[in-house]
Structure formats: C-alpha cells, structure tokens
Amino acid sequence: MHHSNVVARARKAFLTGRSKALSYRLSQLKGLRRLITEKQRDIADALRKDLHKSENATQLYEMIGLEGEIDLAVSHLSEWAAPRPVEQSLLTVADEVYIQPEPLGVVLIIGAWNYPWAVTVQPLIGAIAAGNAAVIKPSEVSSHTSKVMEELLPLYLDKELFPVVTGGVVQTQELLKQRFDHIFYTGNSTVGKVVMEAAARHLTPVTLELGGKSPCYIDKDCDLSVACRRITWGKYVNCGQTCIAPDYILCEPSIQDKVVKEIRKCIKEFYTDDPKTCPDYSRIVSLRHFRRIVALMEGSSVAIGGETDEAQCYIAPTVLTEVTSESKVMQEEIFGPLLPIIPISGTDEAIEFINKREKPLALYVFSSSDKMIKRMIADTSSGALLANDCLVHYTLSDLPFGGVGSSGMGHYHGRYTFDQLSHLRSCLIKKLRMERVNQVRYPPHTAQKLRWARLFLLKRVDVGQWRRAAQAVALVTLAAYVVQVRRPERFTSILYCTSYTFGFNV
Amino acid sequence: MESHGKVIDRLRTAFRSRVTVPLEFRLSQLRSLLSLMEENEAQILEALHKDLAKPKFEAVLSEIEMVVNDICYAIDNLKYWVQPDYVGKNLATKLDDCFVHREPLGVVLIIGAWNYPLQLVLLPLVGAIAAGNCAVLKPSEISQATEALLAELIPKYLSQECFSVVCGGAEATARLLENRFDHIFYTGSQAVARSVLQAAAVHLTPVTLELGGKCPCLLYGQLDIPAAAKRLAWAKYFNAGQSCVAPDYVLCSRQVRDVLLPALQQALHHFYGPQPQRSVDMGRIVTERHWSRLMDLLGRSGGRVAIGGESSREERYIAPTVVVDVQESDALMQEEIFGPILPILTIESLEEGIELINRREKPLALYVFSDESKAVSTVLEKTSSGGFCSNDGIVHMTLPGLPFGGVGASGMGSYHGRWSFETFSHRRGCMLRGWGLEKINVLRYPPYRDGSLSWLRWATTTKKKGWSSCSVM
C-alpha cells in the first residue's frame, strides 16, 4: 500500500476516536506485552542475524526494558491521562482549572538499527498510552528485525492504527512528505536535520534522539579497577554500537597505564582471550560501518586489540592511545569498539575539552569525590550525566532520556514518553454566574476599576494555602476555646501569640 | 552598529563564563526588569498608544500587569524551580542519587509580535532569564514605538553582556536566523513560522512557536445570553480584535443568534457608547496595510453587517462589527480575522458545530458558552485546541499555572509562569552511583547467564503503584 494511503488510513482510524478510550489503549499495550513474551524466539533469531546478538543479550538490552515500560504504562495510565489541577487566581477560584492530556493524532516513529526493538517500540508504548495512532518505520539496516516487526506487530496490534512501513531511504523520504502530528526520530544528526526540515513544512513538532561523542572522565582518585570494569562493559556492549556508549576516555597520564591494564583484564574476563569466538561479543552491523570504523584507527596507537575480519564484520575490543583532539578517531561519533584515551592534566582541562565540543548525549564521570562530580554537573551540559557507571541511567523510567544541542531535542521514557506524545491542553471551566465581578474588566474604564481588575484578574491564590490557613485558624480557635473554659488567663496570651504569628496587630 | 554575528558571539562568551548561572544573578536581572516596568510606565503606555492606540486600561492589564506579575512569580518561585527533582528508583539503583537537574540552554532568540508588543517579548524573556540563559530580543518592527523603547530601555536595565535587542524588518530577521541559537522562541504567523523552523533545522535548534488560527466560539443550549454577550464582546473587541486568542467566529443556532444580536448591541453600547470611534476604550488597527486587509475581507464577505461596519482609513478605525448569514466558504472564514469583525454562522446541532470545528486546523483557543455542562464536556472531548475556556474568553491565558501554547497549526511548545522556565531549560537526568555493590553488577557482565536475567528483571523494575518495595540491601 502506498505510504499516503497508509497514513490516511491511520488518520481515519484515529478520527473514529477508538484509540482514545483508556480500555482500548490498555488492550493494545497488553497485546504488545504478549508479543514480546510469545515471540521471544523469532525476535532473538532476527537480532542474531542482524547484529550477532546472543539471546541473553537480546533479553538484557532490549526486552527487559520494554517489558518494564509496558508494565509501567499499564499500571499508571489512568493517572497519566487524568486531568492535572493547577493553581488559580482570585477571579477563578470558583472555577475548574486543569490541564487535560490529549492525543496528538498520527505519530511517525522512525527507529534505528542498534537496539531496534528498544528504540522503535519504546516510543510506540508512549504513543499508544497517549491515545495516538502511529506509523512505525523500523530501520532497514537491521533488515531481519524489520521484517519480523512487519509480520508480528499486525498480529498483536490494531492494523489500521499501528501500521508498519518498511523500506530504505527513498521510502523514508516519501513518508516524510506526509503530514504527521509528531515525528519521533532516533538516529544520527545528519538525517535528524532532514527530518526536522521535512517536519517544518507541516509545522510538525519533533523528538530527535541523536548521538554524539559521550566523554568519560576518570579522576585519578577513584577505584580504578571497578571504574574500568564498568567502562569496559559499557563500551563493548553491542560492539560499541550504543548511542550512549562511552565514546572516549579523558584521564591523567599518571593513571593511563593502569587504566589500559584494567581494561585488558576485563575484556579477557568478559569475552575470553578470543572475543571472535565468544557468543557474547557482537559484530558490526554492516560492511559500510565496518570500513568506516576501521579507518578511524589511522594515526593512533593500538594498545589493546586492533584485529579485524572483514568477512565477519568483526572488530576486536580495541583501546587506542596517543590520541589528540585532531586524531581521526575524534572527528566523529565512533559507534564501534574503539576506545581512545586522551591524556589531560586534570579536571580543569577535562571540562575545557568537553565544553569545546558539542553537547553529548551522555557524560560519564568516575570519581570518589562528590565535590568533583558536582562540579562536573555545574560546569558542563549533556543529555544526561552518570557518575561512576555507564549506560544504566537508561533503565530508570523516571529519568528523562534525551539529548540537548546537537545530541537531540525532546526526551522520553516512562511518563515522559506519554507527555511528549500528548497535547497538554489548558482548560478553564467557568459558569455564566458571578457576572457582577466581571464588571471591573469591562469598558468604560475607570482608575477604580483598574485597581480591582489588577487584584482579581492577575493575583494568584494558592487555594491550598488558604485552606491550610483556615484549618490553622479553626484549630487555634478551638484550642483557645478549650483553654478559655479551663484557664481563662491563658486565653489572652494565646490570642496575642496567634495574632502575632499571622501578622495582625491586636 | 554591531553585526548579528558579533552580538551573538559576545553573548555566547558571556554565557560560557557562566555569569548567568548563579541564582543571585538571575534574580538581580529579574528585579531590574521589574524596575524597568515600574519606572517607565508612562513611556510604555505612550508607546503602546502610538502603535495601537491601546486604551490605557488594556495596556496596563494585558501588557504591564501581566509582565509584572510574571516577573514577581518568577522571583518568588525561582529558588524552588532550580531545585533538582529526585526521582523514584528501582532496586538496582536504590542506593544511588537520581535526580533531574535543570540547566540553561545557552543563547536564545526571542522574536516578538506587534499586537502585544511588550508582553510577547518580555514574558518569554522572564523565562529565559529565570532559566539562566543569555538572550537576543527581536521585537516586531511593525510596532515601531515599542520596538524603539525596548531598544532604549533593555540595555539600561539588563546586563549588556548577556541581553541584546536587535531591530529591523523581515530581512534582518532572516539574517539573524542564519546564526546558531540554543532555542528560538517565535510568536507570529504560520507562514513565517515555517521559515523559522527550517532555519532552526539547519542547526538542530529546538523551537517554541506561538502561532494563531481561527478560534471558534460555540454558543449552545441553555445559557444566560446577556452575560455571554458581554464576555464574548469583551474578549472579541479587546485590542480591536487583534489577539491571537480572540474568539474569531461564532457558531450558534438561529434562535440563539436572534437573542444574541441585541445582547451584543447592548453590551457594545455599554462598553463604547453610541459612537465607539469616540471612545478612548476602543483600539485601532496597527497599520494601514492591516486595516486594508480587514476592509477587503469585509467587502468580499457574502454576509450581512448586522452591527457596526463603520470605518475610517485616516484613523485606522473599524467599528466593532458583527456579520451574520456567513457560510463556511465566506471570505471571513478563509483566514484568521485578527480584527474587530465577528462572523456568526448558524448551526442546527452541537454535532454540526463540532464537525465544522474539526474540519479546520486545531486553533489556539476554543470557547464554548453554555449552562449545560454536558455540552461543554462533549465539545472538550471531541475537539482539540491549544487551550479551552468555557463561558468566557481570553482569561485562561492569565493563569500562570496553565501552559499557554498551541497544537498542530496553532503552534508547538508553551509558556507562562513556570512553563516559561521549563521551555528555556534543559532537563538533565543525573544518576550518581556508588562504588559498592559491585557484586550485584556481576549479574549484568558477560559471560551472560540465563539465571542472571530473572534477578535483573526483578531488580530493575521500578516499584508499581501501591506496591512497596523492600530493600534487599
């Protein structure tokens, strides 16, 4: 079916209103949950073909997260979708004032190939929860997974509301000519700009989850053995093809040798002496990316690894030294298993180095000093900051996951996805009563009316505060009464104290 | 005259020096902005009068007071807004510090519009300052007196290192947009918004667009028509109809219309007297070009002028006008009116009204007048709009707790009150882990084992509603 028809059909289905009912959204979310549980084998098989991912790695890095997000959405949906009350002004104190989350309409989700299920389905969870229709465009680079999504999603979800569109660059460009109510894109910044530009024609808002070079600063005062373990894990998971992988290390020359030694130890522990034969070590997704990454090694020294095998798109877990900011490997996001180490003289230089570059998606700091970590937070900017570990901030649904500057715009996970793909509509429900009060704002205008209008229309009132104040007064009055009955002389002193507290002069 | 590039470089250098980040600096700038408003009220009123013949009352309420209130609100609450939000954790992260930290974006661009020339530049500026950014202000060149006043006063009261006013027309704006900003805040038309978005895409700059559209006003069922007429007339003819949230057109039954017309007539008489042109409380159209556009719309309309219709080119005056017998295909229904002309379309049922509204682009505001709460909630459920207000007009945008913004063709993003602060902030997720419990981490390291998975599943689930997690640690 041609793309414009797919989108038109999704819009027609959305306009019937059926995706709005909470019960319907829940049924779709539960359908998605069943897909993940029942089709584990098919999903894992496809990922193994696409990225040489083991079944356990698939579960760990893709599916557990999705299960958690679906469960979270199911258990919190009624709370997220409910009207959200806000504070009022004196004039509207008798009215209903709230924010009502509403669906946007038809959302386009463009996935990426590195964690194809996680980055394609997680936005979908939020899209469904928010009551939208969604056109899903998985990445053609992870072609087996794309095919599996095309086959399986229609078996578990509403075919009209949630169609899957497959294809490459040309098909994506055709799709982008259509009008959507939101576009959610995960990928690189070059295509991100194209997506935003296409969205501009229809004034469509976008969420762009991009990438960049995520720096990893290791303070010389820290437990290097634990730090390097966590970094090694974070770097070589999925063969370095993670948007939040620690891209490069910054550390003082005095600890560089120890860092290399520790990483070497961990690589052996995780992937054996011969990672090529280890089922837990993945491959580069395509020949094009393989060649790109291999070329990045030029001009630097290989301290660990460096072996490659083009036939298998295999690159060994590699550490590079003698790297400067001008080295080839520092000119683009690596997105592969090369870990450059750049020497810097200390925290000051590290911060300067980081701030000279584009704001990254993640910033990693390893230090035992709280003060140093707080300084990093204060003096740099990034999508997220994680101290003393890698990647795991991704698993916390209550943390907004997204970039800033060239690493992206917008954020998601948990309730953030729901909010990102909703319209938060301001609602003021008034009655036609109390028209007398309105006289202050109508012409003809007088200075007196102006004074009243300033008070009524614009002064904020915290209804809660008034209620609490009223309660306090009631309690004090009661106490005073009781005291008066039993100890009349105390009544007077309580009265004075209370008046003083509330700022009145008795 | 400094080139745009130099201005932005200067602001960026200031931002990099981190001078705008401390709370004290932000508060001092906000207080200075407050002084600007308080010490120059007379000049502000004069400029607004020059630009739009804005009645003093309207200028004070919708421009001065709104800005002053927002500044005070920010000053009172900023210390809370900048606090990190600690978040719920899962078992695996129980001992960690997890929070959302709000940070400034950098150098932001604020492009204002001419209809509320002060408010539309200064309200976003309050948010930009509160969030710790530097800002370039580009007021509308159409409201020239206000533009000149802002160019004069801003450098006097705010840090010249961090805040700059750029003047000029469409060409100057286009050149400004070639530069890189960390956020662009634009108020204006859809056509220009497209080019703003396209310019932003080149640098992957996030934007907030406050646009417009035709805000429908439905009158249905049982209702106190005289009261509705007053509120409707007030909202419509405020600033001579030149408000992005003015009720653009009315939908009602023939019966309601027949009672509404005399009620509107009476309300207008009460507001502006028998000759509105002589009333100091009636505004003017901003330029002759806009006046001509409105007169052209009126001329091409197939409807009948039931109230008003008088005009004067010299004064850029158009009387408060109501046009009836208007069809959906009428000239008055083809674009946002943005003037004191109110078309009334008749509908047979609520469903017909809702369908008509839904055939069109999502508006910035949607109004329903009715004493029947079921009718109000039906419209609310079956339509979408930036904001919604029943039984009144415009006032929903004076509440700082409510986000003010559009959806679809009426805009993206929102502001006012704390929402302005959030618009100009980056919410950075922070997780500070400890060094201990490395044994638990073993579960996630290769070689991957089947057994580890179920432990990890359990440890990484955030607690469900009503389920209190016990700490394994």
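Identification of chain A as Aldehyde dehydrogenase from Denticeps clupeoides is taken from an unreviewed UniProt entry. According to the UniProt record, the Sequence similarities (unreviewed entry) comment for chain A reads "Belongs to the aldehyde dehydrogenase family." Here is the UniProt Subunit (unreviewed entry) comment for chain A, exactly as written: "Homodimer."

*Asks:* Help me understand the UniProt feature "active site" (unreviewed entry) in chain A, please; the structure alone is not making it clear to me.
*Replies:* Residue and element names in this part refer to chain A. The UniProt record marks Glu209 and Cys243 with the feature "active site" (unreviewed entry), using the residue numbering of this structure. Spanning 35 residues, the named residues form one tight spatial group whose C-alpha atoms are at most 8.9 Å apart. Within the fold, Glu209 resides in strand β7 (residues 206-209). Overall, Glu209 belongs to the buried group, its relative accessible area being 3%. When residues no more than four places from it in sequence are discounted, the contact partners of Glu209 are Phe184, Tyr185, Thr186, Gly187, Phe401, Gly402, Ser407, Gly410, His411 and Tyr412. For Cys243, a relative accessible area of 16% gives the class buried. In contact with Cys243, other than residues within four places in its own chain, are Asn114, Leu210, Ser214, Glu333, Phe335 and Leu361.

*Asks:* Looking at this structure, how should I read the sheet that holds strand β1 (residues 85-86) of chain B?
*Replies:* Through backbone hydrogen bonds, the strands of a sheet pair up, either in parallel or in antiparallel fashion. Across the sheet, which stays open at both edges, the 10 strands sit in the order β10(A)-β13(A)-β14(A)-β9(A)-β8(A)-β15(A)-β16(A)-β18(B)-β2(B)-β1(B) with mixed pairing between neighbours. This sheet does not close on itself; its edge strands, each paired only once, are β10 (301-304) of chain A together with β1 of chain B. Judged from the 3 bridges that link them, strand β13 (residues 318-321) of chain A and strand β14 (residues 338-343) of chain A form a sheet pairing that is parallel. The residue of β14(A) that forms the bridge with A:Leu320 is A:Pro340. Packing of helix α13 (residues 370-379) of chain A onto the sheet brings it into contact with β8 (214-218), β15 (362-366) and β16 (384-387) of chain A together with β2 (97-104) and β18 (425-432) of chain B, and relative to β18(B) it is tilted by some 160°.

*Asks:* How should I be thinking about the sheet that holds strand β17 (residues 411-412) of chain B in this particular structure?
*Replies:* Judged by pairing direction, the sheet is mixed, and its 6 strands sit side by side in the order β5-β4-β3-β6-β7-β17 (chain B) without closing on themselves. Sheet topology places β5 (163-165) and β17 of chain B at the edges, where each strand pairs with a single neighbour.

*Asks:* Would you explain the side chain of A:Glu102 in this entry?
*Replies:* Along the chain, the position of A:Glu102 falls in strand β3 (residues 96-103). Polar side-chain contacts of A:Glu102 include one of 2.6 Å to the side chain of A:Arg425. When near neighbours in sequence (up to four residues on either side) are disregarded, A:Glu102 contacts A:Ala130, A:Ser422, A:His423, A:Arg425, B:Leu380, B:Thr383, B:Ser384 and B:Ser385.

*Asks:* In this structure, what is going on with the interface of chain B and chain A? I would like to understand it.
*Replies:* Where interface size is given, it is often the accessible area lost as the parts come together that is meant. Contacts between chain B and chain A engage 105 residues on the former and 115 residues on the latter. Together, B:Leu204, B:Trp435 and B:Tyr448 form the three largest contributors to the area buried by chain B at its contact with chain A, with a combined 10%. Across the contact surface, chain B and chain A share 8 salt bridges. One salt bridge connects B:Arg18 with A:Asp379, and the closest N-O pair in it is separated by 3.5 Å. Between chain B and chain A we count 45 residue pairs in polar contact (both at pLDDT 80 or more) in total. Ranked by the residues each element gives to the side of chain B that touches chain A, the list is headed by helix α8 (residues 190-203) of chain B, at 8 residues.

*Asks:* Please clarify how helix α4 (residues 56-81) of chain B should be interpreted in this entry.
*Replies:* Since one α-helical turn is 3.6 residues long, residues separated by three or four positions face the same way. Along α4(B), the largest kink reaches about 40° and is centred on B:Ile75. Burial of α4(B) is extensive: 20 of the 26 residues sit out of reach of the surface.

Calculation criteria
Residues numbered from 1 in each chain as written. Chains lettered and ligands numbered in written order. Predicted model: local features only at pLDDT ≥ 70, side-chain atom pairs only at ≥ 80, totals over all residues. Heavy atoms only, no water. UniProt positions renumbered as here; feature names shortened; annotations may be inferred. Helix = DSSP H or I, 4+ residues; strand = E, 2+ residues; numbered from the N terminus. Buried < 20%, exposed > 50% of the residue type's maximum accessible area, 1.4 Å probe, protein only. Contact = heavy atoms within 4.5 Å. Pairing = 2+ DSSP bridges. Axes fitted to C-alpha atoms, helices over the stretch in contact; angles between N-to-C directions. Polar contact = N/O pair within 3.5 Å; in protein donor to acceptor, adjacent residues only side chain to side chain. Buried area = accessible area lost by both parts, 1.4 Å probe. Salt bridge = Lys/Arg side-chain N within 4 Å of Asp/Glu carboxyl O. Bend = angle between axes of the 7 residues up to and from the residue.

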